[in-house]
Amino acid sequence: MKKLIFTLMFALPTFYFAQEEKPKESQTAKECNLPKDFKEPIKNNRLKKFVAIDNGVDEKEVTIIRAQNGFGSGIYTACVKGQPIQYQKMGTVFMREGKNPFSNAK
């Protein structure tokens, strides 16, 4: 009995962590599959222009799917070529989420 309990103590965590994770691409693909009658939550031409230039596409290919506006800040998600990309706004400046605009490292 002790051997069985000892085996279960070490086997169960191994089975738990050995499970394969589902790829996140399927969720991102679903996120940008929008219905034909989808209306953007905000109309922000400056953001669309920035995203288009940042990704090298036309403004018509950019769709804003989520927007959280704050006082002088905001977080936005835009679909570009079927991929969601997050941007943030600080003051009047937009930047891609996770990029440090003050970093000089190349």
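For the structure, check the block above.
Basis of the calculations
- Residues numbered from 1 in each chain as written.
- Predicted model: local features only at pLDDT ≥ 70, side-chain atom pairs only at ≥ 80, totals over all residues.
- Heavy atoms only, no water.
- Disulfide = S-S within 2.5 Å.
- Helix = DSSP H or I, 4+ residues; strand = E, 2+ residues; numbered from the N terminus.
- Buried < 20%, exposed > 50% of the residue type's maximum accessible area, 1.4 Å probe, protein only.
- Pairing = 2+ DSSP bridges.
- Axes fitted to C-alpha atoms, helices over the stretch in contact; angles between N-to-C directions.
- Phe/Tyr/Trp six-rings, centres within 6.5 Å; stacked < 30°, edge-to-face > 60°.

S.K.: Sorry if this is basic, but what is going on with the state of the cysteines here?
M.R.: Should the sulfur atoms of two cysteines be covalently bonded, the bond is a disulfide. The final tally for this structure, using the stated rule, is 1 disulfide. Disulfide pairing places Cys 32 opposite Cys 79 at an S-S distance of 2.0 Å. Between Cys 32 and Cys 79, the S-S torsion sits near -90°, and that sign places the bridge as left-handed. Here Cys 79 lies in strand E2 (residues 73-80) and Cys 32 lies in the loop between helix H2 (25-31) and helix H3 (45-55), a separation of 47 residues in the sequence. The residues Cys 32 and Cys 79 share a single accessibility class, namely buried.

S.K.: Can you walk me through the sheet that holds strand E1 (residues 62-69) in this structure?
M.R.: Strand pairs in the sheet, formed through backbone hydrogen bonds, run parallel or antiparallel to each other. Taking strand neighbours across the sheet as the criterion, the 4 strands line up as E1-E2-E3-E4 in an open arrangement whose pairing is antiparallel. Every other strand in the sheet has two partners, leaving E1 and strand E4 (93-96) as the edge strands with one partner each. Sheet twist, expressed as the mean angle between neighbouring strand axes with direction ignored, is 25°. As paired elements, E2 and strand E3 (residues 83-90) share 8 bridges and run antiparallel to each other. Each residue of the ladder has a partner; that of Ile 75, found in E3, is Gln 88.

S.K.: I tried to follow the packing of aromatic side chains on my own but got confused; where do I start?
M.R.: Aromatic rings considered in pairs are described by the distance between their centres and by the relative angle of their planes. Tallying each qualifying case throughout the model produces 3 aromatic pairs. A ring pair is formed by Phe 50 and Phe 94, whose centres lie 6.3 Å apart and whose planes are at 35°; its orientation type is tilted. Taken together, the residues Phe 50 in helix H3 and Phe 94 in strand E4 connect sequence positions 44 residues apart. Phe 94 gets classed as buried once you look at its relative accessible area, which sits at 7%. Measuring from ring centre to ring centre gives 6.0 Å for Tyr 76 and Phe 94, while their planes differ by 65°; the resulting arrangement is edge-to-face. With a gap of 18 residues between them, Tyr 76 in strand E2 and Phe 94 in strand E4 connect regions that are remote in the sequence. You'll find Tyr 76 and Phe 94 in the same group, each marked buried.

Everything listed here is a matter of coordinates, which is why it stays silent on function.
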